[in-house]
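Residue strings, one per chain:
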Amino acid sequence: MTDMTEPRPGIADRLSRMIQLPTVSAELEQRGTQPFEDFVALLADLYPLVHEKLALERHTEFGLLYRWEGAPAASGGPLVLMAHYDVVPVDESDSWTHPPFAGVVADGVVYGRGALDDKGPLVVVLEAVENLLAQGFVPARDVYLSFGGNEETYGHAAEEIARVLHARGVVPWLVVDEGGAVVDAPLPFVPGRAAMIGVGEKGVMTVTLSARGEGGHASAPPALTAVRRVARAVDRLGPTTFRPHASKAIGRMLGELGAQTPGIQGRLLRLLGAAPLVTARVFAALGGEPAALVRTTVAPTMQSGGTAANVLPSQATATVNLRIALGETTQQAVLRLRRRIRDPLVTVRVVEASEPSPESATDNAQFALLADALAVSHPGVPAVPYVMMAATDSRHFHRYAPAVYRFAPLDMSNAQRASIHGVDEHVEIAALERGERFHRALLQRLG
Ligand SMILES: [Zn+2]
């Protein structure tokens, strides 16, 4: 395929102007909706062809849905490219090298809140579409751009867009949203670069455990006060509460990483990849992130009870946050908690629950397309599936669209990944250019 497209210069300045609008969804009350409205107007300004050729619909206050009609013979479901334009707040006490909303461009780098999460990934989508439109390109399928303005506050913009498309009978063939990136050393013991592509995300559930007691003076306590009962319940929910289980994605991840890792380490990874039972045990034993990849985790986050130092507590509660592994359900998790607690006087109440997503396949045409586009933008970097621990807007599509992948085609060092939701968030201009190339290649190969 020949490629006549010359990317329009100025990508860094356009991202800079987006960063200068403080679209902080968690500070909507203080800042108002003006930055969000300004952002929508800025998009029209920066991407004239997108706004001339694509139809734009707004869903809820903060959801933008662009539709790019495919070639007349186009059949099958559309491609949906997702991103969000809201950002998380900046902690005033942090000192940034460049002010977080100044959009400073220096030494080939764009600095500021949102550079990586998620205005950088949004820019590379729009750049690719604008550049292709300039060439008169028509995609082989319909393409939707779905941008939400309240992802960071678990808002409903993306959920509503997913609902509207579903109601219209539109089932996406492929959905790409934020999540993984092109990273160095994807696992602590694996060197080299890899494009980590999230094929699913864990569910989240918060429960409270509570118990009531007799109360009374602390000088003659019964064996089990309310506080002791709840403490015992929390203690019974140790790391082994849920059985480890390695999903297909984990096996494929280890196989892919093993294929590019030399020597004995590579062989070990490939062996692990082919033995899910062993993988589950080994990762669980490693603890921390590896363990969280293979099991539902239980984290007690808050505990309270009692009113005075010398009074028996009449009630006590604990709050426990769970991340539900793929293939399990929140309902099963509640049953398991009750069984482990073994105390009918401890009440388990679900405060919030969202199910884990399904797992997207890696042996299909959609995953192969992502790998093909990657070969153009990031030659030699393998596409490696994994499971995300955090929630993304794409989960709303994953309820009815089977091929949903969480991947922003940007290079991110470990320090850069740590700067997301942190200090000194920044992206290299060269990484943005490769990201634009990725989406352009993806759109060109949709046929
Ligand atoms: Zn994000």
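1. A few points about the packing of aromatic side chains
Then, number 1: Evaluation of the coordinates by the stated rule reveals eight aromatic pairs.
Then, number 2: Taken together, the aromatic side chains of Phe36, Phe39, Phe62 and Tyr85 make up a single cluster linked through ring pairs.
Then, number 3: When the ring centre of tryptophan 173 is taken as reference, the NZ or CZ atom of arginine 141 above it lies at 3.9 Å.

2. Quick word on the coordination of the zinc ion
The expected angle between donors at a tetrahedral four-coordinate metal is 109.5 degrees. At an octahedral six-coordinate metal it is 90 or 180 degrees.
Then, number 1: The zinc ion binds to the protein through His84 (NE2), Asp117 (OD), Glu178 (OE) and Glu178 (OE), with metal-donor distances spanning 1.9 to 2.8 Å.
Then, number 2: Around the zinc ion sit four donor atoms; with metal-centred angles ranging over 50 to 150 degrees, the donor geometry is irregular.
Then, number 3: For the zinc ion, all donor residues lie on one chain, and their spacing in sequence is H-x32-D-x60-E. A residue pair is termed long-range when its members are at least 10 positions apart, and histidine 84 in strand 3 (residues 79–84) and glutamate 178 in strand 7 (residues 174–184) qualify at 94 residues.
Then, number 4: Among the residues examined, glutamate 178 registers a relative accessible area of 11% and is labelled buried.

3. Quick word on the domain arrangement of the chain
Then, number 1: You can read the domains of the chain as domain 1 (11–201 + 357–444) and domain 2 (203–354).
Then, number 2: Facing the 24 residues of domain 1 at the interface are 20 residues of domain 2.
Then, number 3: The junction of domain 1 with domain 2 conceals about 1800 Å² of combined surface from both sides, 69% of it contributed by carbon and sulfur atoms.
Then, number 4: Joining domain 1 to domain 2, the criterion identifies zero salt bridges.
Then, number 5: Residue assignment for the side of domain 1 that touches domain 2 shows that the elements contributing at least two residues are strand 8 (193–201) and strand 13 (383–388).
Then, number 6: Per-element accounting of the side of domain 1 that touches domain 2 gives the leading share, six residues, to strand 8.
Then, number 7: Within the side of domain 1 that touches domain 2, the residues separate by chemical class into 17 nonpolar, three polar and four charged.

4. Observations concerning the packing of helix 1 (residues 11–19) against helix 3 (residues 34–46)
Then, number 1: Where helix 1 contacts helix 3, the axes come no closer than 10 Å and their chain directions differ by 165 degrees. Here helix 3 runs roughly antiparallel to helix 1, going by the angle between their axes. With respect to the hand of their crossing, helix 1 and helix 3 are arranged in right-handed fashion. Between helix 1, through Arg14, Arg17 and Met18, and helix 3, the contact on the second element is made entirely by Phe39, Leu42, Leu43, Asp45 and Leu46.
Then, number 2: Tallied by class, residues from the contact of helix 1 with helix 3 come to five nonpolar, no polar and three charged.

Rules used throughout
- Residues numbered from 1 in each chain as written.
- Predicted model: local features only at pLDDT ≥ 70, side-chain atom pairs only at ≥ 80, totals over all residues.
- Heavy atoms only, no water.
- Phe/Tyr/Trp six-rings, centres within 6.5 Å; stacked < 30°, edge-to-face > 60°.
- Lys NZ or Arg CZ within 6 Å of the ring centre and 35° of its normal.
- Donors = N, O, S within 2.8 Å, 3.2 Å for Na, K, Ca; no water.
- Tetrahedral: all angles 85-135°; square planar, octahedral: opposite > 155°, others 65-115°.
- Helix = DSSP H or I, 4+ residues; strand = E, 2+ residues; numbered from the N terminus.
- Buried < 20%, exposed > 50% of the residue type's maximum accessible area, 1.4 Å probe, protein only.
- Domains from an automatic or database assignment.
- Contact = heavy atoms within 4.5 Å.
- Buried area = accessible area lost by both parts, 1.4 Å probe.
- Salt bridge = Lys/Arg side-chain N within 4 Å of Asp/Glu carboxyl O.
- Nonpolar A, V, L, I, M, F, W, Y, C, P; charged D, E, K, R; others polar.
- Axes fitted to C-alpha atoms, helices over the stretch in contact; angles between N-to-C directions.
- Parallel < 35°, antiparallel > 145°, perpendicular 65-115°, else oblique.
- Left-handed = near helix turned anticlockwise from the far one by under 90°.

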